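Now for the letters of each chain:
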Amino acid sequence: MDLATTLTGFVALYIFMLAAFTGYEIIGRVPAILHTPLMSGSNFVHGIVVVGAMYALLNATSTVEQVIGFVGVLLGAGNAAGGYVVTERMLEMFKPSDKKRAGDQKKA
Amino acid sequence: MNLTPQFIIDASYFAAAFLFIYGLKRMSSPVTARSGIVVAGAGMLVAVLASFLYYFGVNDAALPHLSTNVVLALTALVIGTGWAWWSGKRVAMTAMPQMVALYNGMGGGAAAAIAAVELLRTNAVHQTIPLMLAIAGALIGSVSLSGSLIAWAKLDGRINGVWRMSGQQIFNGIVFLATLGVGIYIVFVAHGHAHPGVVAAFFIGALIFGVLMTMPIGGADMPVVISLYNAFTGLAVGFEGYVLQNPALMIAGMVVGSAGTLLTLLMAKAMNRSVSNVIFSNFGDAGGESQGEIKGSQKPAEAGDAAINMRYASKVIIAPGYGLAVAQAQHKLYEFVKLLTDAGVEVKFAIHPVAGRMPGHMNVLLAEAGVPYDMIYDLEDINGEFKEADVAIVIGANDTVNPAARTNKSSPIYGMPILNVDQAKQVYVVKRGQGKGYSGVENELFFADNCNLVYGDAQKVMVAMIQAVKSLEGGGH
């Protein structure tokens, strides 16, 4: 394996710790109204796993590895795409209310 | 600094990590939320496109298979994306929670698949720490996969009721310990060179444990469980990111892992349940027989009478629940609310933290019907206002307005924060029949002196209410 980045030991621990605090801070101040969209949004973000599955599949050397890698990319792509569509549909509902009201008056 | 494929990959992952965090940050405010998902989506696109550059850096052993592997990767990407896009577009808003569960389970499965490829690479030299994280990620990802599938099937009505047996927790514990034991064997005894059968046994054990863990959990607790599995998948992705030395997976996975854990705690807190309570005990088990006799009787009311009463009230608070969404009545409700506000009535929506099936789910459903979000109030913000309200109307909600949570210590929902609708001068409850709530607890609110029940399908009741108010205005001329 020829990898330019080596993220082992304490470097990896720093990354994990800072990322964990980041996630905590993002959710900690969110109004309850956005909890479901944010759960869906974070569900989309871990769809990045598809990238890891692609790495595994491209480096596959046997049929078993190819099959598992294929399933991994399939599931990961589903996670990412499904998570995006569902989150976008939920957030589409959060239009500013003054625009909404103007639209409603037009209808009336 | 050469513009090598590896450099482009690294730079793209850096950009992706930034866009994910920035996107999530934008998603955390209602004003910027819609752009947040687009920002995060751009990050995903950049990362996936860059990953094709792995083409130039594969292991020598994989070179003969490279063209096949690329075709396989493209096929899997197209099928996975296409199916998820199609299913995500056509699912109803009320079914969103189970779709989130399904997509989340897929992510857990993908993380487990990465670990499986790594653990089956028996000719490679394995170091202990990556191996430990590969096993941990495999275990968590597999549990998230099978557990999320059960959660999806339950919320989608494909599996009904809960499945329990005596000594289940001991049995679950044995399965978990056995799986963990096999994992420890793979890492510390076989050093990653275990027989493929042993690796398979490990994954099967983890998958079975996910099923066993989720089956006994009742539907009311499912949102907490889905959120927990969301955090699980995040962790699994972060761990596999370490195994692959991929910073994008490490950062995105760990951000979601901690954000999901906090979200799970917030949700459990809103239901006054601890997370361990949700997983190891069962809703509705307690109580039942120990509940005291409820005095009074349920008094029915006509939809039209209730509507006219609200038309002449000065302040009305609406407490919607999942029953409203099931009846698809939110559009009709908003039509009715507009009639009231046009007549000068002050109308507010009171949202319990677990109204619907997840925190915020009801907000999404109301927003879909066009209700502006400044009419919608959280429990803490509105609970003091019920005293001043002339009418509180409960539509398709039950446990979230049950005063027993305040008073009856033997009730299984005791201590859960509730909407104080019983403090309004008049309470109307729109209900399909005389059934109990999701938790199986009788609701003494329905027997209170100031409470009347409007029986019927929520949508038909709302139509009747709209007609009553309109006919009033027509007759006025």
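Residues numbered from 1 in each chain as written. Chains lettered and ligands numbered in written order. Predicted model: local features only at pLDDT ≥ 70, side-chain atom pairs only at ≥ 80, totals over all residues. Heavy atoms only, no water.

Caption draft 1: Local environment of the interface of chain B and chain A. Taken together, the 109 residues of chain B in the interface contact 87 residues of chain A. Together, the buried faces of chain B and chain A total about 8,900 Å²; carbon and sulfur atoms form 76% of this surface. By the criterion of area lost to chain A, the three top residues of chain B are B:Arg34, B:Ile37 and B:Gln245, representing 7% of everything that side buries. Our count for the contact surface shared by chain B and chain A stands at one salt bridge. Viewed at the interface, chain A and chain B are joined by 18 residue pairs in polar contact (both at pLDDT 80 or more). Elements that contribute at least two residues to the side of chain B that touches chain A include exactly α1 (5-27), α2 (33-51), α3 (66-90), α4 (96-120), α8 (222-243), α9 (247-270), α13 (330-342) and α14 (361-368) of chain B. When residues of the side of chain B that touches chain A are assigned to their parent elements, the largest contribution, 17 residues, is made by α3(B). Along the lines of polarity and charge, the residues of the side of chain B that touches chain A split into 70 nonpolar, 28 polar and eleven charged. (Contact = heavy atoms within 4.5 Å. Buried area = accessible area lost by both parts, 1.4 Å probe. Salt bridge = Lys/Arg side-chain N within 4 Å of Asp/Glu carboxyl O. Polar contact = N/O pair within 3.5 Å; in protein donor to acceptor, adjacent residues only side chain to side chain. Helix = DSSP H or I, 4+ residues; strand = E, 2+ residues; numbered from the N terminus. Nonpolar A, V, L, I, M, F, W, Y, C, P; charged D, E, K, R; others polar.)

Caption draft 2: Summary view of the pairing of strand β2 (residues 346-351) of chain B. Residue and element names in this part refer to chain B. The buried fraction of β2 amounts to five of the six residues, a majority that puts the element mostly inside the structure. Where strand β1 (residues 315-320) and β2 come together, four bridges link them in parallel fashion. Bridge pairing in β2 links Ile317 to Lys348. As paired strands, β2 and strand β3 (residues 376-378) are joined by three bridges and run parallel to one another. (Buried < 20%, exposed > 50% of the residue type's maximum accessible area, 1.4 Å probe, protein only. Pairing = 2+ DSSP bridges.)

Caption draft 3: Looking closely at the confidence of the model for chain B. Residues and elements named next belong to chain B. Summing up the model confidence of chain B, the mean pLDDT is 86 and the portion of residues at 70 or higher is 92%. In the model of chain B, helix α10 (residues 275-280) stands out as the element of lowest mean pLDDT, 77, in contrast to α3, which has the highest, 95. The low-confidence segment residues 283-292, where pLDDT is below 50, has 13 contacts with residues more than four positions distant or belonging to other chains. Scored as a complex, the prediction yields pTM 0.79 and ipTM 0.87. (pLDDT = per-residue confidence, 0-100.)

Caption draft 4: Quick peek at the packing of helix α5 (residues 128-155) of chain B against helix α7 (residues 196-214) of chain B. Residues and elements named next belong to chain B. Running from amino to carboxyl end, α5 crosses α7 at an angle of 40 degrees, the nearest separation of the two axes being 7 Å. When the axes of α5 and α7 are compared, the pair comes out oblique. Relative to α7, α5 is oriented so that their crossing is right-handed. Here Ile135, Ala138, Leu139, Ser142, Val143, Leu145, Ser146, Gly147, Ile150, Ala151 and Lys154 of α5 lie close against α7, whose contacting residues are Phe202, Phe203, Ala206, Leu207, Phe209, Gly210, Val211, Met213 and Thr214. Class assignment for the residues of the contact of α5 with α7 results in 14 nonpolar, five polar and one charged. (Axes fitted to C-alpha atoms, helices over the stretch in contact; angles between N-to-C directions. Parallel < 35°, antiparallel > 145°, perpendicular 65-115°, else oblique. Left-handed = near helix turned anticlockwise from the far one by under 90°.)

Caption draft 5: The arrangement of the confidence of the model for chain A in detail. Taken residue by residue, chain A gives an average pLDDT of 83. The fraction at 70 or more is 81%. For the stretch residues 97-108 of chain A, pLDDT sits under 50, and the model shows eleven contacts to residues farther than four places along the chain or on other chains.

Caption draft 6: Representation of α7(B) in the model. Residues and elements named next belong to chain B. Given a rise of 1.5 Å per residue, 19 residues ought to cover 27 Å, and the 28 Å separating the end C-alpha atoms of α7 matches this to within 8%. All buried positions along α7 are accounted for by Val199, Phe202, Phe203, Gly205, Ala206, Phe209, Gly210, Leu212, Met213 and Thr214. Of the surrounding secondary structure, the elements contacted by the buried residues of α7 are α4, α5, α6 (168-189), α8 and α10. (Expected span 1.5 Å × (residues − 1).)

Caption draft 7: Geometry of the nonpolar core. A:Ile48, B:Phe349 and B:Met465 are the most contacted members of the largest nonpolar core, which totals 149 residues. Looking at which element gives the most residues to this core, the answer is α9(B), with twelve residues. Three or more residues apiece are contributed to this core by two domains, here domain 1 (1-30) and domain 2 (33-107) of chain A. Excluding its chain neighbours within four sequence positions, the residues that come into contact with B:Phe349 are B:Ile318, B:Pro320, B:Leu333, B:Val337, B:Leu366, B:Val371, B:Met375, B:Ile376, B:Tyr377 and B:Ile382. One finds B:Ile317, B:Ala350, B:Phe386 and B:Ala397 within the second-largest nonpolar core, a separate group that totals 21 residues. (Core = buried A, V, L, I, M, F, W, Y, C linked by side-chain atoms within 4.5 Å. Domains from an automatic or database assignment.)

Caption draft 8: Expanded view of the UniProt feature "transmembrane region" (unreviewed entry) in chain A. The UniProt record marks residues 6-24, 44-61 and 67-86 of chain A with the feature "transmembrane region" (unreviewed entry), using the residue numbering of this structure. Taken as a whole, residues 6-24 of chain A contains 84% helix and 0% strand, while its terminal C-alpha atoms sit 26 Å from one another. (UniProt positions renumbered as here; feature names shortened; annotations may be inferred.)

Caption draft 9: Local environment of the pattern of salt bridges. Residues and elements named next belong to chain B. In the structure shown here, the tally under the stated rule is ten salt bridges over all chains. For Lys315, the salt bridge is made with Glu385, and the minimal N-O distance between the two is 2.6 Å. Of this pair, Lys315 sits in strand β1 while Glu385 sits in the loop between α15 (379-382) and β4 (391-395), and the two are 70 residues apart along the sequence. Across this residue pair, the class does not change: Lys315 and Glu385 are buried. Salt-bridge contacts for Arg406 lead to Asp422; the nearest nitrogen and oxygen are separated by 2.5 Å. Here the residue Arg406 occupies a position in helix α16 (residues 404-407), and Asp422 occupies one in the loop between α16 and β5 (426-431), the gap between them amounting to 16 residues. Taken together, the salt bridges that share partners define one network made up of Lys315, Glu346, Lys348, Glu385 and Glu388.

Caption draft 10: Broad picture of the pairing of β5(B). Residues and elements named next belong to chain B. For β5, the buried fraction is high: six of the six residues fall into the buried class. The alternating pattern of β5 places Gln426, Tyr428 and Val430 on one face and Val427, Val429 and Lys431 on the opposite face, and all of these are buried. As defined by bridge partners, β5 adjoins strand β6 (residues 451-455) across five bridges and the pair is classed as parallel. Considered in β6, the bridge of Val427 is made with Cys451.

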